[in-house]
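# Topology and contacts: notes
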Amino acid sequence: MSDSGSDEDRGSTESVRKGCDPLVSTQRSKLQQRRAKLNQQINRELRLRSGAENLYRASSNQKVKETVALELSFVNSNLQLLKEELEELNSSMNVYQTESETVSVPMIPLGLKETKEIDMTAPLQDFISEHYGEDASLYLNEIRDFMELRQAMRTPSRNEAGQELLTEYYNQLYFLDQRFFSPHRNLGIHFHWYDSLTGVPSVQRALAFEKGSVLFNIGALYTQIGARQDRSTLTGIQNAIDAFQRAAGAFLYLQENFSHAPSLDMSSPALSMLVRLMVAQVSDVYSLVLQAMSVPLLKDYVPFSWISMVQVKTHHFRALAHYYTAVALCDCPGMSDEDEDEGGEIKALIQIHTRRPDKLDLHDPEDKRRLGKAHLRKAIIRHEEALRLHGVCKMLRKMDILQEVLSHAHACSLEKYSDIDQEDDFCEVAEAPEIQSHTQQKPDIKTPDFSVVRVTDIFHRLGPLSVFSARNRWVRRHACLVRGETGLGLTLRGDSPVLVAGVLPGGCAAEAGLREGDYIVAVNGADCRWAEHAEVVHALKSCTDRALELDVITIQSHEVERRMNLSPTGDKECQSGSQRRAGREYERGSSSLWNWSWRSSGATKRLGSTFSLSFGNFRENESMF
């Protein structure tokens, strides 16, 4: 039989991962420390403003009102300065970029949402004592391990290990929800998270808020991983693409499953914008990102540097499209009359444009040169507009690498234009059509796969989750049985925990008060919540010369069913002992198991109601005593 104090149980939480040392003086850690400090200062100023506003409304003294109004003006001024400083931090893209010496366009990463440290010791101990009837002091190690895991996930490393840490904590929240968050009682635990862009605090008691915030950080961390890839190599490009596609998947999953967001960064418009931004960094939809950033709710929320960067990239990449089209038109040697592929070349040149070039014969080398020259003019104009937008934004001006990329591309277009420009060119200036957007890398939004990180329920010693959860209510009883001539008079079935499937009327089990539907949780003081059927059978058979002490629990819903004379039916899903044991080590097998509790009430009922299983057609591991 399982022993709650075994070495296996004590070692079950050794997989708890560690985060980065927040005191390590890396650029990224310094940035996160400054962001956390600013969040606290913004929170303090918001509390001061709220108090001053209440005093202003409550006071009838004009002098007091004037003093409070002056204080409000001062607080609002401080808030504006703090928010501008936070926006500057959110615009610090250089910190997250690749350390490669190759010059490339910077990517747009997100900073992580910050959260306050929480002490869950007292609420969890109280719940263990009152709901489970256990000595809460025996679970101090488990509580400590969970809090250490939460503390670690606040500072994940910027690599795959950091993602595994966030995913492990996210998976553990499933068990915490099932073990401790009862629909009939509130634990009194408040989850504090700050908006990733404005620093405005949000506080909720719902565990769904904690889940959503962690999922947001999973997406944000992928943006940081993608931005740091060396895109001068094929492997680096593929890794960056994969990271941004996974970030888009995390934000889309959050958008589809999280409603009534308490903070703006997790609202549907913001998440939709972030999905487009992630996809744009591997595709060609920056114009759609600009539209998403311009909706009324986000217009004053998104950092100005982000908007400027998207505009700069829009003009820069369109300029490059015109430049490379001009190179193809001017530098490719003309086809001979005998070349059968000449028609294919002309067709390709036509298809890259949004419309057919007017009054130009692409078979004529001179017309091809004129069209190439027109494309170069458009490239130069767009490069100059990108440089202008770069110069307008104070934060972008600090990004030397971006200035270098834009200046180099502009210089290449000017040099190419001067090479093909002819002084005696008196032909009418050609009008170049826009380039048809096309990409070889189609965006593939990758939904998070939480099953890649296997986790062990930290609080598994409380018992199998199918029975010992916060959703279930039970009555625990002690029974003393003395084996009679006909045996104990009961039938056992299943395991982990073993179920009393039937009680013989008039037998010693019935006289001791055992009833069909009871679960055996201890035999002669030995815990058997996790015991298999054969172990319990052996324990019962070994007690032949003395009274048998049993601890059993009765799920209250079973008692209600019996009183209403509702016999179990076979159309409910049965659960075998092996499935119950799966509660000890959980690995997600299907996406439906991870539906959000606040949106998928049906999923919640399925997960929280496994005690109402049918046993009418269940004959696995059945024993009669």
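Residues numbered from 1 in each chain as written. Predicted model: local features only at pLDDT ≥ 70, side-chain atom pairs only at ≥ 80, totals over all residues. Heavy atoms only, no water.

As recorded in an unreviewed UniProt entry, the protein chain goes by Rhophilin-1 isoform X1 and comes from Labeo rohita.

Take the overall build of the protein chain next. Helices and strands together make up the secondary structure of the protein chain, namely 21 helices and 11 strands. Looking at the protein chain residue by residue over its 625 residues, the buried ones come to 51%. Considering only residue pairs separated by 6 or more positions, the protein chain has 78% of its internal contacts joining residues 24 or more positions apart. Looking at the protein chain as shown, the accessible area adds up to about 29,700 Å², and 49% of this sits on carbon and sulfur atoms. (Helix = DSSP H or I, 4+ residues; strand = E, 2+ residues; numbered from the N terminus. Buried < 20%, exposed > 50% of the residue type's maximum accessible area, 1.4 Å probe, protein only. Contact = heavy atoms within 4.5 Å. Areas by Shrake-Rupley, 256 points an atom, 1.4 Å probe, with all protein chains shown as cover.)

Our focus in this paragraph is the side chain of Asp-195. Note on placement: Asp-195 falls in the loop between β1 (191-194) and β2 (201-204). In this structure, Asp-195 is buried with no salt-bridge partner, the nearest side chain bearing the opposite charge being Lys-113 at 5.6 Å. A distance of 3.1 Å separates a polar side-chain atom of Asp-195 from the backbone nitrogen of Asp-265. In this structure the side chain of Asp-195 is engaged in a polar contact, spanning 2.7 Å, whose partner is the side chain of Tyr-301. (Lys, Arg positive; Asp, Glu negative; His and termini not counted. Salt bridge = Lys/Arg side-chain N within 4 Å of Asp/Glu carboxyl O. Polar contact = N/O pair within 3.5 Å; in protein donor to acceptor, adjacent residues only side chain to side chain.)

What follows concerns the pairing of strand β7 (residues 519-523). Burial within β7 is extensive, with five of its five residues counted as buried. Where strand β6 (residues 498-503) and β7 come together, two bridges link them in antiparallel fashion. What sits directly across from Val-498, in β7, is Ile-520. Bridging between β7 and strand β9 (residues 548-555) involves four bridges; their strand directions are antiparallel. (Pairing = 2+ DSSP bridges.)

It is at 11 Å that the axes of helix α12 (residues 304-331) and helix α16 (residues 400-420) come closest, and there the two elements cross at 30°. In terms of their interaxial angle, α12 and α16 are classed as roughly parallel. Here the hand of the crossing between α12 and α16 comes out left-handed. Contacts from Met-309, Val-312, His-316, Leu-320, Tyr-323, Val-327, Cys-330 and Asp-331 in α12 reach Leu-402, Val-405, Leu-406, Ala-409, Cys-412, Ser-413, Lys-416 and Ile-420 in α16. Each residue belonging to the contact of α12 with α16 can be placed in one class, and the counts come to 12 nonpolar, two polar and two charged. (Axes fitted to C-alpha atoms, helices over the stretch in contact; angles between N-to-C directions. Parallel < 35°, antiparallel > 145°, perpendicular 65-115°, else oblique. Left-handed = near helix turned anticlockwise from the far one by under 90°. Nonpolar A, V, L, I, M, F, W, Y, C, P; charged D, E, K, R; others polar.)

Bringing the side chain of Arg-461 into the picture now. Its location among the elements puts Arg-461 in the loop between β3 (455-456) and β4 (474-481). Among the polar contacts made by the side chain of Arg-461, one reaches the main-chain carbonyl oxygen of Leu-138 at a distance of 2.6 Å. One polar contact links Arg-461 to Glu-142, side chain to side chain, over a distance of 2.7 Å.

With 75% of its residues at a pLDDT of at least 70, the protein chain reaches an overall mean of 78. This model gives residues 2-14 a pLDDT under 50, and the stretch forms 17 contacts once residues within four places in sequence are excluded. (pLDDT = per-residue confidence, 0-100.)

Time to look at unusual backbone geometry. Cis geometry is found at the peptide bond from Ser-496 to Pro-497, where omega equals -5°. With respect to the element layout, Pro-497 can be found in the loop between β5 (490-493) and β6. In this structure, Ser-496 takes a positive phi of about 50° despite not being glycine. Counting through the fold element by element, Ser-496 comes out in the loop between β5 and β6.

Examined against the element boundaries, Gly-391 turns out to sit in helix α14 (residues 365-392). Note: C-alpha distance between Gly-391 and Gln-403 (12 residues apart in sequence) is 9.0 Å.

Here we come to the pattern of salt bridges. This structure, assessed with the given rule, holds 20 salt bridges. Between Glu-130 and Arg-185 there is a salt bridge, with the nearest N and O atoms lying 2.8 Å from each other. Here Arg-185 lies in the loop between α6 (160-180) and β1 and Glu-130 lies in helix α4 (residues 121-132), a separation of 55 residues in the sequence. Salt-bridge contacts for Arg-246 lead to Asp-242; the nearest nitrogen and oxygen are separated by 2.9 Å. Here the residue Arg-246 and the residue Asp-242 both occupy positions in helix α8 (residues 234-257), the gap between them amounting to four residues, near one helical turn. A relative accessible area of 30% means that Arg-246 is categorised as partly exposed. One continuous salt-bridge network, built from bridges that share partners, spans Lys-378, Arg-382, Glu-431 and Glu-434.

What follows deals with the environment of Ala-243. Along the polypeptide, Ala-243 turns up in helix α8. On a C-alpha basis, the gap between Ala-243 and Gly-219 in space is 8.9 Å, while along the polypeptide they are 24 residues apart. Residue contacts for Ala-243: discarding those within four places in its chain leaves Tyr-222, Ile-225 and Gly-226.

Applying the stated rule across the entire model yields 13 aromatic pairs. Measuring from ring centre to ring centre gives 4.4 Å for Tyr-170 and Phe-450, while their planes differ by 20°; the resulting arrangement is stacked. Remark: Phe-450 occurs in the loop between α16 and β3 and Tyr-170 occurs in helix α6; sequence separation between them is 280 residues. By the burial criterion, Tyr-170 is buried, and Phe-450 matches it. Aromatic ring contacts, followed pair by pair, group Phe-127, Tyr-132, Phe-180, Phe-459, Phe-468 and Trp-474 into a single cluster. Positioned above the aromatic ring of Phe-216, the side-chain terminus of Lys-113 is 5.7 Å from the ring centre. One Lys or Arg, Arg-461, reaches over the ring of Tyr-139 and ends 4.5 Å from the middle of that ring. (Phe/Tyr/Trp six-rings, centres within 6.5 Å; stacked < 30°, edge-to-face > 60°. Lys NZ or Arg CZ within 6 Å of the ring centre and 35° of its normal.)

So, about the packing of helix α5 (residues 140-153) against α6. Look at α5 against α6: their axes get within 9 Å of each other, and the N-to-C directions meet at 140°. Classed by the angle they form, the pair α5 and α6 counts as oblique. For the pair α5 and α6, the sense of crossing is left-handed. Across from Phe-146, Leu-149, Arg-150, Ala-152 and Met-153 in α5, the residues of α6 making contact are Leu-165, Leu-166, Glu-168, Tyr-169, Gln-172, Leu-173 and Leu-176.

Another point: the environment of Ala-328. Examined against the element boundaries, Ala-328 turns out to sit in helix α12. C-alpha separation for the pair Ala-328 and Gly-372, spaced 44 residues apart in sequence, amounts to 8.0 Å.

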